[in-house]
Amino acid sequence: MLINTVILGAGAAGMMCAAHAGGDCLVVDHAKSPGEKIRISGGGRSNFTNLDVTPQNYLSQNPHFCKSALARYTQWDFISLVDSYGIAWHEKTLGQLFCDGSAKQIVAMLVDELSKAGAQLWLQTSLKDLQYSDGQYHLTLLREGKSRAVTCNNLVLATGGKSIPKMGATGLAYDIARQFDLPLVETRPGLVPFTFPEAHFATLAGTALPARLSNTRASFDEALLFTHRGLSGPSVLQLSSYWREGEEISVNLIPETDLFTLLRDQRQTQGRRALTNEVARHLPGRLVEFLAAEFDISGRLADQSDVALQELCDAFRNWQLTPGGSEGYRTAEVTLGGIDTDALSSKTMQAQDQPGLFVIGEAVDVTGWLGGYNFQWAWASGHAAGQAIAARR
Ligand code: FDA
């Protein structure tokens, strides 16, 4: 079979690319259904984009690379598409947009868009062999137990990253990149909970509070959640993308509270109260019990000097912790690193030295923050490649 374009991966980026590639296009995926990560994203409601998308919301060795694609297919373009399908949505927090109904609506919309554009979708199909000769890609695909030979002019790598192998994530895009000598930036799990040895926070499991998590590279003010195995919640997931094994993090448990002034004022009128009880008015009780083992929160308010109160508040503002590790690709929402942007055109996503080879979505060394940014990159990079392929015909 001869076809203009084969897209490997019917995920967010692959389907978006197919919708814009101008037909004569085959989308191949080894999964039973397309867009599985979209379906489970955002707790089944998909955080499909963000109202405020800037290049600063992305990590990459080249922070400028994402600019062109994001500028040419914005969050407003995707919102218009969603609106044109009558899919109701709402802003949850921090500009994050979710479906009112179900993430399945987004998957159905993309499948509809790709079939309207004339693309075919082959599910439960895997790649057995890939060769390049005379300016064309020769694929051997395995479908329904049979080998199928397919030749194409454009090959798009849209198989995503390594996150959640149980959902079918593979390193196929990286393997093909190596075959064509495209450089890779080392991959690691991102947007992932931290683990601590010996169930350090087990007694606090389920406790959540607003916090500021920082290290030398970044700082995030969002919810913090203690778990049986360590720390999770949006602030932790965000910081995990900026963290390296063995590094310390700083937790500010009172980012919005001037606890020192509150305690000092209380001391005037309620001096006989226990300090722990006063602190527990501003922090979850179980956490205060836990902290009492680490910091001196004993005695009555009246017994505390200004210096002692200040020291305690400083400790709450800069609680230094060293995670033992992260939950890894098993639960990571994204894969940091990937195919080096130096090898790609930021306008078309085409490999600089390999005509007709395109890389889009998470397989590229561009990783977004939590909050709809990863899907926006998938839509934008898929659109950029799709347009370039349509223009190549
Ligand atoms: P994606 O992973 O979507 O698609 C890759 C496709 O390739 C899959 O269909 C897969 O089956 C297929 N494939 C892989 N290997 C293959 C092989 N060897 N042969 C054939 N096919 C193969 N982002 C966001 O912005 N908002 C959110 O709410 C969430 N929520 C979220 C929750 C969870 C649990 C996860 C794991 C991730 C998120 N994300 C997210 C991240 C987001 O899902 C992710 O960044 C995009 O789906 C990436 O889009 P891609 O198309 O690049 O890969």
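Now for a look at the structure at hand. Computed from a predicted model, the values in this text were never measured in an experiment. (Residues numbered from 1 in each chain as written. Predicted model: local features only at pLDDT ≥ 70, side-chain atom pairs only at ≥ 80, totals over all residues. Heavy atoms only, no water.)

**Overview of the site of the ligand**
Close to the ligand lie 29 residues; A13, D29, T170, E362 and F375 are nearest. A distance of 2.5 Å is found between an oxygen atom of the ligand and a side-chain nitrogen or oxygen belonging to D29. Relative to its unbound accessible surface of 1000 Å², the ligand loses 91% to contact with the protein. Where the shell around the ligand is concerned, the elements lending two or more residues are α1 (12–20), α2 (36–44) and α12 (373–392). Partitioning the shell around the ligand into residue classes produces twelve nonpolar, 13 polar and four charged. (Near = heavy atom within 4 Å. Polar contact = N/O pair within 3.5 Å; in protein donor to acceptor, adjacent residues only side chain to side chain. Areas by Shrake-Rupley, 256 points an atom, 1.4 Å probe, with all protein chains shown as cover. Helix = DSSP H or I, 4+ residues; strand = E, 2+ residues; numbered from the N terminus. Nonpolar A, V, L, I, M, F, W, Y, C, P; charged D, E, K, R; others polar.)

**Observations concerning the nonpolar core**
I106 and W379 are the most contacted members of the largest nonpolar core, which has 78 residues in total. The biggest single contributor to this core is α12, with ten residues. Contacts of W379, omitting those with residues within four sequence positions, involve A12, M16, I38, F48, Y73, F78, I106 and L110. With 42 residues, the next largest nonpolar core counts L204, L259, L263 and F290 among its residues. (Core = buried A, V, L, I, M, F, W, Y, C linked by side-chain atoms within 4.5 Å. Buried < 20%, exposed > 50% of the residue type's maximum accessible area, 1.4 Å probe, protein only. Contact = heavy atoms within 4.5 Å.)

**Focus on the side chain of T187**
Mapped onto the elements, T187 comes out in strand β11 (residues 184–190). On the basis of relative accessible area, T187 is assigned to the buried category, the value being 18%. In this structure the side chain of T187 is engaged in a polar contact, spanning 3.3 Å, whose partner is the side chain of Y329. Here T187 is in contact with K162, Y174, Y329, T335, L336, G337 and G338, once residues within four sequence places are set aside.

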